[in-house]
Amino acid sequence: AGVEWAFFAVFGVSIVTARLVSVVFGIAAIVGCYALARQWCTRWAAAFAAAFLLAMPIIVDWGRQAMLEMPTLAVVIWLLYCAGRYFDRPTWQRLAIVAAFVFVAPLFKQNALFAVPVLGIIATVHWWRGRVPLRQLVGGAALIIVPFVGYTLFSLKIQGSGQIMDRVFNSGTPLREWLSW
């Protein structure tokens, strides 16, 4: 929603501006798909991957709507690109960029959080094979976990979700009754 707010602040509130968000991030997703595929493929194969992404019916549908699916897709693609670059040559600077994308991605849509455990598993495998130093593995986990814990605590305390959790855990009602659905 912050991305839409920024576009609305610059271009004014309208359906055209709302769709412009999807178009701009759609272009970013296609360019990111090319860059991501280029890490492993030839230019032609990467161009075909980007073209296939562009031609997918769901992508065309998302590109026409004023929703955050396209921005989320673009951010996750660029997250994977940056993670691939990090795993090729682990540096603290590249790790910080990956951590920034990991933190920003779920701010678009929470579905992007599914990339976090996958990247954690990949990072652990790279550490196991000696490609990522233990300090960077632990530092990366801290860079990712600490902001999420802070945001979760903020959500529970300030945004009202804590009241629901408080009722669940402090009402004396067994948890199995709350989860009976």
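Here the structure is shown first, and the text comes after it.
About the criteria used
Residues numbered from 1 in each chain as written. Predicted model: local features only at pLDDT ≥ 70, side-chain atom pairs only at ≥ 80, totals over all residues. Heavy atoms only, no water. Phe/Tyr/Trp six-rings, centres within 6.5 Å; stacked < 30°, edge-to-face > 60°. Helix = DSSP H or I, 4+ residues; strand = E, 2+ residues; numbered from the N terminus. Buried < 20%, exposed > 50% of the residue type's maximum accessible area, 1.4 Å probe, protein only. Patch = residues over 30% accessible without salt bridge, like charges linked within 9 Å, V, L, I, M, F, W, Y side chains within 5 Å. Areas by Shrake-Rupley, 256 points an atom, 1.4 Å probe, with all protein chains shown as cover. Salt bridge = Lys/Arg side-chain N within 4 Å of Asp/Glu carboxyl O. Axes fitted to C-alpha atoms, helices over the stretch in contact; angles between N-to-C directions. Parallel < 35°, antiparallel > 145°, perpendicular 65-115°, else oblique. Contact = heavy atoms within 4.5 Å. Nonpolar A, V, L, I, M, F, W, Y, C, P; charged D, E, K, R; others polar. Expected span 1.5 Å × (residues − 1).

## Comments concerning the packing of aromatic side chains
Here comes step 1: One pass over the full model with this rule turns up eight aromatic pairs.
Here comes step 2: Residues Phe25 and Phe108 carry aromatic rings whose centres are separated by 5.7 Å and whose planes lie at 65 degrees to one another, so their mutual orientation is edge-to-face. Residue Phe25 is found in helix H2 (residues 15-38), and its partner Phe108 is found in helix H6 (residues 92-108); the two are separated by 83 residues along the sequence.
Here comes step 3: Classification of Phe25 by relative accessible area gives buried; the value is 15%.

## Here we look at a nonpolar patch on the surface
Here comes step 1: Taken together, Trp127, Trp128, Leu134 and Val138 make up a surface patch of nonpolar side chains, about 470 Å² in accessible area.
Here comes step 2: Secondary structure elements with two or more residues in the nonpolar patch: helix H7 (115-128) and helix H8 (134-158).
Here comes step 3: Tracing the sequence through the fold places Trp128 in helix H7.
Here comes step 4: The class of Trp128 is exposed, set by a relative accessible area of 71%.

## Describing the packing of helix H5 (residues 69-88) against H7
Here comes step 1: Relative to each other, H5 and H7 sit at 10 degrees, their axes nearing to 12 Å. By the angle between their directions, the pair H5 and H7 is classed as roughly parallel. Only Ala115, Leu119, Ile122, Ala123 and His126 of H7 make contact with H5, whose side of the interface consists of Leu79, Leu80, Ala83 and Phe87.
Here comes step 2: Broken down by class, the residue content of the contact of H5 with H7 amounts to eight nonpolar, one polar and no charged.

## Concerning the pattern of salt bridges
Here comes step 1: The tally for this structure, following the rule as stated, stands at two salt bridges.
Here comes step 2: For Asp61, the salt bridge goes to Arg64, with nearest N and O atoms at 3.6 Å. Of the two residues, Asp61 and Arg64 are both situated in helix H4 (residues 57-64); the distance of three residues between them amounts to about one turn of the helix.
Here comes step 3: Among the residues examined, Asp61 registers a relative accessible area of 28% and is labelled partly exposed.
Here comes step 4: Among the salt bridges present, the one from Glu69 reaches Lys109, with a minimum N-O distance of 3.2 Å. Within this pair, whereas Glu69 is found in helix H5, its partner Lys109 is found in the loop between H6 and H7, the two being separated by 40 residues in sequence.

## Notes on H5
Here comes step 1: The end-to-end C-alpha distance of H5 is 29 Å, a good match for the 28 Å that 20 residues give at a rise of 1.5 Å each.
Here comes step 2: Extensive coverage of H5 is indicated by the burial of 15 of its 20 residues.

## A look at the environment of Leu79
Here comes step 1: Tracing the chain through its elements places Leu79 in helix H5.
Here comes step 2: Take Leu79: its relative accessible area is 1%, and that puts it in the buried class.
Here comes step 3: Taking C-alpha positions, Leu79 is 9.6 Å from Val104, a pair spaced 25 residues apart along the chain.

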